[in-house]
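Coordinate inspection notes
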Amino acid sequence: IFPNPVTPNFSGTVGISGLATDGIVKITDVSGKLIWETQANGGTATWNVRDYNGRRAATGIYLVFASTPDGRDSVVGKIAVIE
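Residues numbered from 1 in each chain as written. Predicted model: local features only at pLDDT ≥ 70, side-chain atom pairs only at ≥ 80, totals over all residues. Heavy atoms only, no water.

**A few points about the sheet that holds strand S5 (residues 60-67)**
The condition that has to hold: DSSP-based pairing: two strands are paired if at least 2 bridges between them are found. Secondary structure elements follow DSSP: runs of H or I no shorter than four residues count as helices, runs of E no shorter than two count as strands, and numbering proceeds from the N terminus. Comment: axis = line fitted to C-alpha atoms, over the contacting stretch for helices; angle = value between 0 and 180 degrees taken between N-to-C directions.
Spatially, the four strands line up as an open sheet ordered S3-S2-S5-S6, and their pairing is antiparallel. The strands lining the two open edges of the sheet, one partner per strand, are strand S3 (34-39) and strand S6 (74-81). Strand-to-strand twist of the sheet, defined as the mean angle between neighbouring strand axes without regard to direction, takes the value 20 degrees. Sheet topology places strand S2 (residues 24-29) next to S5; six bridges connect them, and they run antiparallel. Along S5, the bridge assignment pairs Val-25 with Ala-66.

**Description of the pattern of salt bridges**
Heads up, the rule is: By definition, a salt bridge exists where a carboxyl oxygen of Asp or Glu is found within 4 Å of a side-chain nitrogen of Lys or Arg. Buried residues are those whose accessible area, probed at 1.4 Å on protein chains only, stays under 20% of the maximum for their type, while exposed residues exceed 50% and partly exposed ones sit between those limits.
Tallied over the entire structure, the rule returns two salt bridges. One salt bridge connects Arg-55 with Asp-51, and the closest N-O pair in it is separated by 3.3 Å. For Asp-51, a relative accessible area of 15% gives the class buried.

**Regarding the side chain of Asp-29**
For the record, the criterion: Charge convention: Lys and Arg are scored as positive, Asp and Glu as negative, and His as well as the terminal groups of each chain are ignored. Between two residues, a contact is recorded if the distance between any of their heavy atoms is within 4.5 Å.
Looking at the element boundaries, Asp-29 is found in strand S2. In this structure, Asp-29 is buried with no salt-bridge partner, the nearest side chain bearing the opposite charge being Lys-33 at 5.6 Å. Sequence-distant contacts of Asp-29, that is, excluding residues within four places in its chain, are made with Ile-35, Ile-61, Tyr-62 and Leu-63.

Here it is as structure tokens:
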């Protein structure tokens, strides 16, 4: 997951690599609220550090849950966002 932490002046996308091809990627806040969901493309996914409403993610720790489409393999990661 890069860059990590995401700093206030960062305006690009966060890259998430090492995922299963076509895996499902969900990003939540620490309380479990879904912030973003996407599908990996060739083992990588990106996040624009925004929620479904287009608002920039607030300062905090975000969890990345990724799994294969059949759910057999999964991985969890963390992203720190600093505003």
